[in-house]
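Chain by chain, the residues run as shown.
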Amino acid sequence: MIELTKGAANLLTEVRSANNIPESYGLRFYNKAGEDGSSAVAIAFAQAPAQGDEVITEMQLPVYVASDVANEISDAVLDVEGDAGAQRFVILAGTG
């Protein structure tokens, strides 16, 4: 199951507050297709999980993982890199 670092959880709280996103929304990981046909794991706040999503509730906030990315991020960590002026989320591959 994907994990969130303290830094990622703090930044998510800031983003949620700055965008007036209700605390009841969870964080959803899903596959996003690019214009060139590539795909990448994307994240967004979601009111509820989509049909077929894996729901993780032991975390700082509800997390929904789309079935098409569940294996890809099953042992990963969502973290933050950069300084306070230019932070961004990164998904780090797990070691297990």
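Residues numbered from 1 in each chain as written. Predicted model: local features only at pLDDT ≥ 70, side-chain atom pairs only at ≥ 80, totals over all residues. Heavy atoms only, no water.

## As for the pairing of strand E6 (residues 77–81)
The alternating pattern of E6 places Leu 78 and Val 80 on a buried face and Val 77, Asp 79 and Glu 81 on a face that is not buried. Looking at chain direction, strand E1 (residues 3–4) and E6 are connected through 2 bridges and run parallel. Each residue of the ladder has a partner; that of Glu 3, found in E6, is Val 77. In this structure, E6 lies alongside strand E7 (residues 88–92), joined through 5 bridges in antiparallel fashion. By the bridge assignment for E7, Val 80 is matched with Phe 89. Where E6 folds back onto E7 in an antiparallel hairpin, the turn is made up of 6 residues, including Gly 82, whose phi is positive at roughly 100°. (Buried < 20%, exposed > 50% of the residue type's maximum accessible area, 1.4 Å probe, protein only. Helix = DSSP H or I, 4+ residues; strand = E, 2+ residues; numbered from the N terminus. Pairing = 2+ DSSP bridges.)

## Brief notes about the environment of Pro 22
Looking at the element boundaries, Pro 22 is found in the loop between helix H1 (6–18) and strand E2 (26–33). When the C-alpha positions of Pro 22 and Thr 5 are compared, they lie 21 Å apart, and in sequence the two are 17 residues distant.

## Overview of the sheet that holds strand E3 (residues 39–46)
An order of E3-E2-E5-E4 is seen for the 4 strands of this open sheet, with the pairing classed as mixed. Strand pairing shows two members of the sheet lacking a second neighbour, E3 and strand E4 (54–56), which therefore form its edges. Neighbouring strand axes in the sheet, compared pairwise and without regard to direction, differ in orientation by 25° on average. (Axes fitted to C-alpha atoms, helices over the stretch in contact; angles between N-to-C directions.)

## Let's talk about the pattern of salt bridges
All told, the structure shown has 2 salt bridges when counted by the stated rule. Taking the shortest distance from any N to any O, the salt bridge between Asp 53 and Arg 28 comes out at 2.6 Å. Here Asp 53 is found in the loop between E3 and E4, whereas its partner Arg 28 is found in strand E2, with 25 residues between them in sequence. One salt bridge connects Glu 81 with Arg 88, and the closest N-O pair in it is separated by 2.4 Å. (Salt bridge = Lys/Arg side-chain N within 4 Å of Asp/Glu carboxyl O.)

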